[in-house]
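Listed below, chain by chain, are the residues.
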Amino acid sequence: MPTHNRIDATKVGDVTVVTFTDKKILDEAGIQELGAELFSLIERDNRRSIVLNFDNVDFLSSAALGKLITLDRKVKQAQGRLKMCRIKPEILEVFQVTKLNKVFDIRDEQDEAIAAF
Amino acid sequence: MTEQSDADVWRRVIDLPSERGSNREVTDDLLTQLKVFGWPPSDVFAVHLAVEEAIVNAIVHGNKLDPAKRVHVECEVSADRVLVSITDEGPGFDPARVPDCTAEERLEAPGGRGVMLMKSFMTRIEYNAKGNSVVLEKRRT
């Protein structure tokens with residue numbers, strides 16, 4: 001599996017589980033790199049079932065939201081499925097305020113997210 | 001940069017260069033002060049989010065990363081209120097004309113959420129008439 005700087009990607013059966021290296025996802029260069037690494041899962045590695053586990057993430061800016069939205073779109077275009085889990089209440093509130101909770105498939109726990117494929 | 005601190009209020013005034021990330025130190029200091037004054041983590045998160053969005057807007061959209069321009073930031077923290085004003089040297093904008101990012105057709109747009117997040121997570125946000133200066137206020141919950 002290729003090495004990434006901003007994420008760790010492990011396979012659980014057919015599902016790729018992604019965790020984030022940074023607790024705070026806010027600086028522009030980091031967000032660009034994060035986006036490139038996430039998109040490569042779809043575009044280079046042909047992953048089609050992806051879970052983003054936010055357990056390590058304490059903060060993300062709206063620029064990071066943009067990358068998640070683009071990833072979601074790329075996954076859907078590739079006939080894949082993206083799920084998110086372990087999101088802290090404050091970040092969940094960000095998703096709710098922006099109504100992205102209607103766009104993203106959000107589950108409480110990683111096991112639940114994996115089982116939902 | 002000036003910093004003033006007494007037992008009741010912490011204040012800082014700083015002019016930032018129009019570079020991405022130039023706000024890191026003042027933002028970190030602000031968050032540290034919120035913790036010193038005993039603010040709950042959810043409020044610290046809210047202030048962090050709003051201030052980050054507002055300063056990035058000022059640097060990127062207001063000053064357009066022009067090295068000749070500065071972003072003026074004034075912070076004030078006390079036990080029950082935080083006040084941050086952020087002013088850029090750009091032409092300003094009309095916040096009322098920012099499209100609603102929660103409208104069905106814009107839900108999946110990659111940008112345009114900063115102002116809504118600021119409004120939602122702060123007690124009050126107010127732009128000046130020109131639209132190049134914003135005051136963010138948070139009352140402790």
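Residues numbered from 1 in each chain as written. Chains lettered and ligands numbered in written order. Predicted model: local features only at pLDDT ≥ 70, side-chain atom pairs only at ≥ 80, totals over all residues. Heavy atoms only, no water.

*Asks:* Explain the overall build of chain A to me, using residue names and the numbers behind them.
*Replies:* When its secondary structure is counted, chain A shows 4 helices and 7 strands. If you list the helices and strands of chain A from N to C, you get β-β-β-α-β-β-α-β-α-β-α. Radius of gyration (C-alpha) of chain A: 13 Å, near the 13 Å computed for a compact globule of 117 residues. Each of the three principal axes of chain A carries a C-alpha extent, and together these read 30 × 30 × 25 Å. Taking the contacts inside chain A whose residues are at least 6 apart along the sequence as the reference set, 69% of them involve residues at least 24 apart. Accessible surface for chain A amounts to roughly 5300 Å². Of this, 43% is attributable to carbon and sulfur atoms. The averaged location of the 19 negative side-chain charges in chain A is 5 Å from the averaged location of its 18 positive side-chain charges. (Helix = DSSP H or I, 4+ residues; strand = E, 2+ residues; numbered from the N terminus. Rg over C-alpha atoms; globule rule 2.2 N^0.38 Å. Contact = heavy atoms within 4.5 Å. Areas by Shrake-Rupley, 256 points an atom, 1.4 Å probe, with all protein chains shown as cover. Lys, Arg positive; Asp, Glu negative; His and termini not counted. Charge placed at Lys NZ, Arg CZ, Asp CG, Glu CD.)

*Asks:* Tell me what's going on with the side chain of Glu52(B), and back it up with residues and numbers.
*Replies:* For Glu52(B), the location among the structural elements is in helix α2 (residues 41-62). Among all residues touching Glu52(B), those that are not within four sequence positions of it are Leu26(A), Phe59(A), Asn23(B), Arg24(B) and Thr27(B).

*Asks:* Just give me the short version of unusual backbone geometry, but keep the residues and values in it.
*Replies:* We note that Asn46(A) has phi near 60 degrees; this positive angle belongs to a residue other than glycine. Locating Asn46(A) in the fold gives a position in the loop between α1 (28-43) and β4 (49-53). Unusually for a residue other than glycine, Lys64(B) sits at a positive phi of about 50 degrees. Within the element layout of this structure, Lys64(B) appears in the loop between α2 and β3 (70-77). Lys64(B) sits in the exposed class, given a relative accessible area of 60%. (Buried < 20%, exposed > 50% of the residue type's maximum accessible area, 1.4 Å probe, protein only.)

*Asks:* Break down the pattern of salt bridges for me, citing the residues and quoting the values.
*Replies:* Residue and element names in this part refer to chain B. All chains considered together, the criterion is met by 20 salt bridges over all chains. Put simply, Glu 137 and Arg 81 hold a salt bridge, and the shortest N to O gap is 3.9 Å. Taken together, the residues Glu 137 in strand β6 (residues 133-139) and Arg 81 in strand β4 (residues 81-87) connect sequence positions 56 residues apart. Taken together, the shared-partner salt bridges in this structure form one network comprising Arg 11, Glu 76, Arg 81, Arg 124, Glu 126, Glu 137 and Arg 139. (Salt bridge = Lys/Arg side-chain N within 4 Å of Asp/Glu carboxyl O.)

*Asks:* Before we move on, can you summarise the interface of chain B and chain A with the specific residues and values?
*Replies:* The interface of chain B with chain A comprises 22 residues on the first partner and 24 residues on the second. In total, chain B and chain A occlude about 1900 Å² of area from one another, counting both sides; carbon and sulfur atoms represent 68% of this. Ranking the residues of chain B by area buried against chain A places Phe45(B), Leu107(B) and Glu108(B) at the top, with a combined share of 30%. If you look at where chain B meets chain A, you find 1 salt bridge. In this structure, Glu28(A) engages Arg20(B) in a salt bridge whose closest nitrogen and oxygen atoms are separated by 3.4 Å. Taken together, chain B and chain A are joined by 3 residue pairs in polar contact (both at pLDDT 80 or more). Of all the secondary structure elements, the ones that give two or more residues to the side of chain B that touches chain A are α1 (24-36), α2 and α3 (114-121) of chain B. No other element matches α2(B), which puts 7 residues into the side of chain B that touches chain A. (Buried area = accessible area lost by both parts, 1.4 Å probe. Polar contact = N/O pair within 3.5 Å; in protein donor to acceptor, adjacent residues only side chain to side chain.)

*Asks:* Kindly report on the sheet that holds strand β1 (residues 7-12) of chain A, identifying the contributing residues and their values.
*Replies:* Residues and elements named next belong to chain A. Pairing in this open sheet of 5 strands is mixed, and the strands run β1-β2-β4-β6-β7 from one edge to the other. The two strands at the open ends of the sheet, each matched to only one other strand, are β1 and β7 (105-107). On average, each strand axis in the sheet is tilted by 25 degrees relative to the strand beside it, whichever way the strands run. Of the strand pairs in this sheet, β4 and strand β6 (residues 81-85) are connected by 5 bridges, and their pairing is parallel. Bridge pairing in β6 places Asn 53 opposite Cys 85. (Pairing = 2+ DSSP bridges. Axes fitted to C-alpha atoms, helices over the stretch in contact; angles between N-to-C directions.)

*Asks:* Let's hear about helix α3 (residues 89-97) of chain A: which residues, and what values?
*Replies:* All of the buried residues along α3(A) are Ile91(A), Val94(A), Phe95(A) and Val97(A). As for α3(A), its buried residues are in contact with β5 (59-60), α2 (62-77), β6 and β7 of chain A together with α2 and α3 of chain B. Residue Lys99(A) follows α3(A) closely and has a positive phi angle near 65 degrees.

*Asks:* Describe in detail the environment of Arg11(B), supporting the description with residues and values.
*Replies:* Residue and element names in this part refer to chain B. Counting through the fold element by element, Arg 11 comes out in strand β2 (residues 10-17). C-alpha of Arg 11 to C-alpha of Cys 75: the two residues are 64 residues apart in sequence and 5.5 Å apart in space. Looking at Arg 11, its side chain comes within polar contact range of the side chain of Glu 76, at 3.4 Å.

*Asks:* Residue-level account of a negative patch on the surface, with values.
*Replies:* Together, Asp100(B), Glu104(B), Glu105(B) and Glu108(B) make up a negatively charged patch on the protein surface. If you trace the backbone, Glu108(B) turns up in the loop between β4 and α3. (Patch = residues over 30% accessible without salt bridge, like charges linked within 9 Å, V, L, I, M, F, W, Y side chains within 5 Å.)

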